[in-house]
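Residue strings, one per chain:
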Amino acid sequence: MKILLLGMDSMTLAILLLVLVFSVGIVWRVEKELDLSYKFFVMAAGCLVLAELIGFSAYPGFDAATWGAGLRMGGAVFLLVSVILMRDLLRKLDGEKEPGNQ
């Protein structure tokens, strides 16, 4: 059972690393508001990768659960900001929202 859980954790980490690599590639190719949205997305992916890596740690005296929970929360906040920025950008492109208005 432990090998199955280790395999699942390893696959999760590999997938999150792919998300991070692809997101960084997008950030280098876009600009303005889309760039800002994806920068927050990259920070969210980075937090989730670090949280998964911390889950593998077994250092005595290191509270991996607390750090992992904090990084997951940070990832969720960065993901929310990214989605809000992307939503505003799409509303502007659709003409639903004026470019200068909040």
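Report on the accompanying structure. (Residues numbered from 1 in each chain as written. Predicted model: local features only at pLDDT ≥ 70, side-chain atom pairs only at ≥ 80, totals over all residues. Heavy atoms only, no water.)

1. Points about the overall build of the protein chain
Looking only at helices and strands, the protein chain has 3 helices and 0 strands in total. Secondary structure elements of the protein chain occur, N-terminal to C-terminal, as α-α-α. Relative to the 2.2 N^0.38 estimate, which gives 13 Å for 102 residues, the radius of gyration of the protein chain is 17 Å and therefore markedly larger than a compact globule would have. Here the C-alpha coordinates of the protein chain stretch approximately 55 × 25 × 25 Å along the principal axes. Within the span of the protein chain, comprising 102 residues, buried residues form 25% of the whole. A sequence separation of at least 24 residues applies to 61% of the contacts in the protein chain between residues at least 6 apart. Averaging the positions of the 9 positive and the 10 negative side-chain charges in the protein chain gives two centres separated by 1 Å. (Helix = DSSP H or I, 4+ residues; strand = E, 2+ residues; numbered from the N terminus. Rg over C-alpha atoms; globule rule 2.2 N^0.38 Å. Buried < 20%, exposed > 50% of the residue type's maximum accessible area, 1.4 Å probe, protein only. Contact = heavy atoms within 4.5 Å. Lys, Arg positive; Asp, Glu negative; His and termini not counted. Charge placed at Lys NZ, Arg CZ, Asp CG, Glu CD.)

2. Observations concerning the environment of D9
Summarising the element assignment, D9 is placed in helix α1 (residues 2-29). Since its relative accessible area comes to 35%, D9 is described here as partly exposed. For the pair formed by D9 and G55, sequence separation is 46 residues and the distance between their alpha carbons is 8.7 Å. Leave out the neighbours within four places in its chain, and D9 touches E52 and F56.

3. Comments concerning α1
Across its 28 residues, α1 extends 41 Å between first and last C-alpha, which sits within 8% of the 40 Å expected from 1.5 Å per residue. Along α1, the residues that are buried comprise L13, L16, S23, G25 and V27. (Expected span 1.5 Å × (residues − 1).)

4. Quick notes on helix α3 (residues 64-93)
The terminal C-alpha atoms of α3, which comprises 30 residues, lie 43 Å apart, in line with the 44 Å expected from a rise of 1.5 Å per residue. What α3 keeps buried is the set G68, L71, G74, G75, S82, D88 and L89. Residue G95 follows α3 closely and has a positive phi angle near 80°.

5. Brief notes about the packing of aromatic side chains
Applying the stated criterion across every chain yields a total of 3 aromatic pairs. Summarising the aromatic geometry, the rings of Y38 and F41 are spaced 5.6 Å apart at their centres and angled 65° between planes, so their arrangement reads as edge-to-face. One end of the pair is Y38 and the other is F41, both in helix α2 (residues 32-55) and 3 residues apart, which spans about a single turn. Classification of Y38 by relative accessible area gives partly exposed; the value is 22%. Where F62 meets W67, the ring centres are 6.5 Å apart and the plane angle is 10°; that geometry is what we call stacked. With relative accessibility at 35%, the residue F62 sits in the partly exposed group. Residue W67 is classed as exposed on the basis of its relative accessible area, which comes to 53%. (Phe/Tyr/Trp six-rings, centres within 6.5 Å; stacked < 30°, edge-to-face > 60°.)

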